[in-house]
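The lines below spell out each chain.
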Amino acid sequence: MESNMNLKDKVAIVTGGNSGIGLAIVLELARQGANIVIDYIAHPEATEDLEKQVHALGDKVIGVMADVSRVDQLQNLVDAAVKEFGRVDIMVNNAGVETRTSVLDTTEQQFEKVMNINLKSAFFGTQLAARQMIKQGGGGRIINITSVHEDWPMPGNTAYCLSKGGMRMLTRTAGVELAPHNILVVGVGPGAVATPINLVTMNDPALLKKLDDAIPLGRMAKPEEIAKVVAFLAGDGATYITATTIFADGGIMQSSPGL
Ligand code: BGC
């Protein structure tokens, strides 16, 4: 097996790990030797399929039924990692949704859904993982999957931008607070990635062309291209990166408005 076992015996939690960028992260971390806990709320069959794929790589993934917008259920993920694998080394706050609604038409329910799944889960995921990392000693890595829209307006996707902007400050502030424990907190900011969150664009050839044309590299990212950045940040090559965001966006942020 072609592999770099950079993460051998590390234990990771990846929220939203059974689809999109999260799924690619699980597979890449497993390829590099980590054992992983993911949450699921629907589609247990997707989680079972993933368990088999990871098993084939020689590692273990366990799926825990959990709503990541609930603090007690996030704690269940940490508890499952400790029970099954003895510790938590890497927390990836990846779960995310968007509503593509503007400030004028976003409902209270849409607002709460986006903020709870994207920001509240990242905040408490950081808190609960950091508490466990401090308890076990030896530091850790917390990786927040944000977006170019942590900083860059996307008109028509306001609550999403707000949640990602919050994650930007979570990364910076928690990164400073947790540095004395050698817990590194880093954001990964993708641009447009070919995942279910972008299906509307991907299913509309005119919109997709407009998006591809706006990206200096001329195409959306594959989820694996984001996963490799996450694995790097979780590994030995990234011991001095904290309280900041690494963007992997094909240059889009420098060239055009959010699409
Ligand atoms: C959003 C996508 C958008 C992309 C580039 C992502 O964070 O989820 O809807 O296409 O940013 O603007």
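Just above, that's the structure.
What you are looking at is a predicted structure, and each value in this text was computed from that prediction instead of being measured.

Rules behind the numbers
Residues numbered from 1 in each chain as written. Predicted model: local features only at pLDDT ≥ 70, side-chain atom pairs only at ≥ 80, totals over all residues. Heavy atoms only, no water. Near = heavy atom within 4 Å. Polar contact = N/O pair within 3.5 Å; in protein donor to acceptor, adjacent residues only side chain to side chain. Areas by Shrake-Rupley, 256 points an atom, 1.4 Å probe, with all protein chains shown as cover. Nonpolar A, V, L, I, M, F, W, Y, C, P; charged D, E, K, R; others polar. Axes fitted to C-alpha atoms, helices over the stretch in contact; angles between N-to-C directions. Helix = DSSP H or I, 4+ residues; strand = E, 2+ residues; numbered from the N terminus. Parallel < 35°, antiparallel > 145°, perpendicular 65-115°, else oblique. Left-handed = near helix turned anticlockwise from the far one by under 90°. Contact = heavy atoms within 4.5 Å.

(A) Quick look at the site of the ligand. The ligand sits among eleven residues. The nearest are Glu98, Arg100, Ser147, His149 and Tyr160. For the ligand, an oxygen atom lies 2.7 Å from a polar atom in the side chain of Tyr160. Notes on the ligand: free accessible area 310 Å², of which the protein chains cover 97%. Among the residues making up the shell around the ligand, the classes are represented as five nonpolar, four polar and two charged.

(B) Region of the structure containing the packing of helix 1 (residues 20-31) against helix 2 (residues 44-56). At a minimum axis separation of 9 Å, helix 1 and helix 2 run at an interaxial angle of 25°. Judged on the interaxial angle alone, helix 2 and helix 1 are roughly parallel. Along this stretch, helix 1 crosses helix 2, giving a crossing that reads as right-handed. Two secondary-structure elements touch here, helix 1 through Leu23, Val26, Leu27 and Ala30 and helix 2 through Leu50, Gln53 and Val54. Class assignment of the residues belonging to the contact of helix 1 with helix 2 gives a composition of six nonpolar, one polar and no charged.

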